[in-house]
Every structure is written in structure tokens, then in C-alpha cells.
Amino acid sequence: MTTMTETEPKKLTVDNNSSLGSRVFDSLNIAVLLGLALITVLPLVYVLAASFAGEPEIASRPFFLWPEKIVTESYAYIFATPTFVRALLTTVIVTAVGMVVQVLLTFTMAYPLAKRYLPGRILVLNLVIFTMVFSGGMIPTYLVVRDMGLLDSYWALILPLAINPFYLIIVKSFFQELPQALEEAARIDGCNEMGVFFKIVLPLSKPIIATFSLFYAVAIWNDYMSPLLYISDPSKWTLQILVRQLTNTDAANALAQMDRTWIPPEQGLKFAVIVIATLPILFFYPFLQKHFAKGVLIGGVKE
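- Looking at an unreviewed UniProt entry, one finds the chain named Carbohydrate ABC transporter permease and attributed to Nonomuraea insulae.
- In UniProt, the chain has this text filed under Sequence similarities (unreviewed entry): "Belongs to the binding-protein-dependent transport system permease family."
- Regarding the chain, the relevant UniProt record gives this comment under Subcellular location (unreviewed entry): "Cell membrane".

Topic: the overall build of the chain
Point 1. When helices and strands are tallied, the chain shows 14 helices and zero strands.
Point 2. Order of helices (α) and strands (β) in the chain, N terminus to C terminus: α-α-α-α-α-α-α-α-α-α-α-α-α-α.
Point 3. Put simply, the chain has 303 residues, and 35% of those count as buried.
Point 4. Sequence separation of at least 24 residues holds for 70% of the intrachain contacts in the chain that already meet a minimum separation of 6.
Point 5. A total of about 18,800 Å² of accessible surface is found on the chain, and carbon and sulfur atoms cover 68% of it.

Section: the packing of aromatic side chains
Geometrically, a pair of aromatic rings is defined through the distance of the ring centres and the angle of the planes.
Point 1. This structure, assessed with the given rule, holds 17 aromatic pairs.
Point 2. Aromatic side chains Phe107 and Phe175 sit 5.8 Å apart centroid to centroid with 75° between the ring planes, which places their arrangement in the edge-to-face category. Note that Phe107 is positioned in helix H4 (residues 82–113) and Phe175 in helix H7 (residues 165–176), a separation of 68 residues in sequence. Of the two residues, Phe107 and Phe175, neither departs from the other in class, the shared state being buried.
Point 3. With 6.4 Å between their ring centres and 80° between their planes, Phe175 and Phe197 make a pair best called edge-to-face.

Observations regarding the nonpolar core
Point 1. By size, the foremost hydrophobic cluster in this structure holds 24 residues, and its most contacted members are Tyr46, Phe64, Ile78, Phe84, Leu239, Phe271 and Val273.
Point 2. Of all the secondary-structure elements, those providing two or more residues to this core are helix H1 (16–51), helix H3 (73–80), H4, helix H12 (239–248) and helix H14 (266–298).
Point 3. Sort the elements by how many residues they give to this core and H14 lands first, with seven residues.
Point 4. One finds Val103, Phe107, Ala110 and Leu113 within the second-largest nonpolar core, a separate group that totals 23 residues.

With respect to the packing of H4 against helix H10 (residues 206–222)
Relative orientation and spacing of two packed helices are given, respectively, by the angle between their axes and the distance between those axes.
Point 1. Where H4 contacts H10, the two axes come as close as 8 Å, and the packing angle between them is 135°. It follows that H4 is oblique to H10 by the angle criterion. In this structure, H4 crosses over H10, and the sense of that crossing is right-handed. Facing Leu88, Thr91, Val92, Val94, Thr95, Gly98, Met99, Gln102, Val103, Thr106 and Phe107 of H4, the residues of H10 in contact are Ile208, Ile209, Phe212, Ser213, Tyr216, Ala217, Ile220 and Trp221.

Digging into the confidence of the model for the chain
Point 1. Here the chain averages 79 in pLDDT, and 82% of its residues register 70 or above.
Point 2. The spread of mean pLDDT over the elements of the chain runs between helix H13 (residues 251–256), the lowest at 53, and H4, the highest at 90.
Point 3. Contacts from residues 1–7, a stretch scored under 50 in pLDDT, to residues over four places away or in other chains number zero contacts.

A short note on the environment of Leu118
Point 1. As for its placement among the helices and strands, Leu118 is situated in the loop between H4 and helix H5 (121–133).
Point 2. For Leu118, a relative accessible area of 31% corresponds to the partly exposed category.
Point 3. Setting aside its immediate chain neighbours within four residues, Leu118 contacts Pro112 and Leu113.

Here's the deal with the environment of Tyr216
Point 1. Tracing the backbone shows Tyr216 in helix H10.
Point 2. For Tyr216, a relative accessible area of 3% gives the class buried.
Point 3. Among all residues touching Tyr216, those that are not within four sequence positions of it are Gln102, Val103, Thr106, Leu161, Ala162, Ile163, Asn164 and Tyr167.
Point 4. One polar contact links the side chain of Tyr216 to the main-chain amide nitrogen of Asn164, over a distance of 3.0 Å.

With respect to the UniProt feature "transmembrane region" (unreviewed entry) in the chain
Point 1. Per the UniProt entry, the sites bearing "transmembrane region" (unreviewed entry) are residues 30–53, 87–111, 123–142, 154–175, 196–221 and 268–288 in this numbering.
Point 2. The span residues 87–111 shows a helical share of 100% and a strand share of 0%, and its end C-alpha atoms are spaced 36 Å apart.
Point 3. What you have in residues 196–221 is 85% helix and 0% strand, and the ends, taken at the C-alpha atoms, are 32 Å apart.

Topic: a nonpolar patch on the surface
Point 1. A surface patch of nonpolar side chains, about 620 Å² in accessible area, is lined by Ile129, Phe130, Met132, Val133, Phe134 and Phe166.
Point 2. Element by element, the count of residues in the nonpolar patch is highest for H5, at four residues.
Point 3. Along the chain, Phe130 turns up in helix H5.

Section: unusual backbone geometry
Point 1. With phi around 60°, Asp152 is a residue other than glycine that occupies positive phi space.
Point 2. Within the secondary structure, Asp152 is located in the loop between helix H6 (138–147) and H7.

Considerations on H7
Point 1. The first and last C-alpha atoms of H7 sit 17 Å apart over twelve residues, in line with the 16 Å expected at 1.5 Å per residue.
Point 2. Among the twelve residues of H7, ten are classified as buried, and the element is accordingly described as predominantly covered.
Point 3. Among all positions in H7, only Pro165, Tyr167, Leu168, Ile170, Val171, Lys172, Ser173, Phe174, Phe175 and Gln176 are buried.

Quick notes on the rules
- Residues numbered from 1 in each chain as written.
- Predicted model: local features only at pLDDT ≥ 70, side-chain atom pairs only at ≥ 80, totals over all residues.
- Heavy atoms only, no water.
- UniProt positions renumbered as here; feature names shortened; annotations may be inferred.
- Helix = DSSP H or I, 4+ residues; strand = E, 2+ residues; numbered from the N terminus.
- Buried < 20%, exposed > 50% of the residue type's maximum accessible area, 1.4 Å probe, protein only.
- Contact = heavy atoms within 4.5 Å.
- Areas by Shrake-Rupley, 256 points an atom, 1.4 Å probe, with all protein chains shown as cover.
- Phe/Tyr/Trp six-rings, centres within 6.5 Å; stacked < 30°, edge-to-face > 60°.
- Core = buried A, V, L, I, M, F, W, Y, C linked by side-chain atoms within 4.5 Å.
- Axes fitted to C-alpha atoms, helices over the stretch in contact; angles between N-to-C directions.
- Parallel < 35°, antiparallel > 145°, perpendicular 65-115°, else oblique.
- Left-handed = near helix turned anticlockwise from the far one by under 90°.
- pLDDT = per-residue confidence, 0-100.
- Polar contact = N/O pair within 3.5 Å; in protein donor to acceptor, adjacent residues only side chain to side chain.
- Patch = residues over 30% accessible without salt bridge, like charges linked within 9 Å, V, L, I, M, F, W, Y side chains within 5 Å.
- Salt bridge = Lys/Arg side-chain N within 4 Å of Asp/Glu carboxyl O.
- Expected span 1.5 Å × (residues − 1).

Structure (C-alpha cells):
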């Protein structure tokens, strides 16, 4: 009579050499990433510290991470003048409206292009891809904006770049991965295409909406070329144009043209304006960061 014995589970063996190599590799990665983080963070800390420093300290100390004496004179000048407040409010409004318009246009164009049964879909997609390789250029774009009557209009900062073709392709790929059964069930319940889009598709697209809302908002907020080309009225300048004027020319002379009563501290003002221009994006990013990587990855699936 034979007896059956249970086989003992195999014990996992750890290769000391590979474990040591893995630890060394992880340590090098951490060191490199910490170095890159310091390279990125230290200039920001310096700009923040210099914005609270006085003019003599900025002139005498080439680099510091904490001011010897905290001075808020630059920020007092900034928020006391209507020039900067107007530019800040203009940028906030243009960014908010532009983000909504661009996201809405991108998603409403991507949704029908995700339907393989749409007539002429391949032709439209080829035209979209064509614009990713070839563009009209600065002068033809300016002529189009001028002939549409958008010069000195805030719409000139929004409509010419309303749909990014690369973003459009990613959103289209995301829509193609959504379960078709949900859309079919909505149509059975009486929804038309607009109802399916707004009640079914968009609620399922929150991660990618958050991702591309951030992309579009950052692009509009940081854009200074479009205002430089299309806005000639100084009262309609955006924040980035004001920052450009302050950092590339003499601050007192640049702003004296708009506000004769304002004599700002030149160096500290430059740093303070840069801080204020950077803080809004840094403030909103943590709230959208959890959707950021997920939105890009789920939208990058190939057909």
C-alpha cells in the first residue's frame, strides 16, 4: 500500500547579488531625482525669498533662500496699483472662459470622431493630423485674426488655439474605450446624441476632463505671444505681458506709462510679480494631480 505525501511548497530563494544591485539602482534613482528636485525647487525658493527682501539685500546677495528682513513693500505696490490688479483679473477671466470654451470644443469634436460609422471620419482625422505637422504660421494666423475683427479682443487669445489636435486625438481614443452598452441603454431610454454625450459620456470622463482642463488653463495662463501680437491696448494687457515688460525692461519706466503715480521698487517688484503669476497654477495643480496621470494614460490607447 502506497501512501501519498503532500509536497512541501518550494521556498523562494533570494539572490543576494540581485538584491544588492536593486538597492544600488534604487539609491541612484533617489539621488538623481532628489538632485533634479533641488534644481527645480531652489530657483523658486530664491524668487519667493527675494520677493520679500529689500532692494539693498537683493543687490548685495547674489543668492539666498531666506531674507534677512522680511519686506512686503513690493506686494503693497502691486496690489495698490490698478494696472496690476486689472491685468490679474483679465488673465483670470480669460483663462477661465478660454479653458471652458477649449475643453467644450475639443470634447464635442472628439466625440463624433470616435464613432467608426461616422461618414467622412477618416478624412477629418487626416486633416486634424495634418495640422499637427504643418501650420499656417504667425503671419497668416495674424491676418485671419485681423480679418475676423478679433484684434484688441480677448477672443483673439482663445479662439485661434481653441482645439489642440494632439489633445483631440487622445480624447477621441478615450471615447472609443468607453462601454458602448451604456450609450445603447441610454438611447433605449429615450436619450438623443446630445443627451448621451452630456448625461453619460461626460460624467464618465471626469479624469480626462480634469487633465485637459489643466493643460488648456496652463497654456492660456502662460501665453504671452498671443497678447503681444493681438492686443495693442495697454489697458487690456494680460499678466504675462506685464511680467514680460517688468523682466525685460526697466520696471519703473514700463509701468510709469500706465500709472504716473506709481514708483515701484524695481528688483523686488520683478520677483513679486513672478511669484503671483506662478502661484495660481501651483495652487490648483494638487487638486487635479490625482486625475492627471490617469487621464493621460486612459486616453492614450491606440485604435
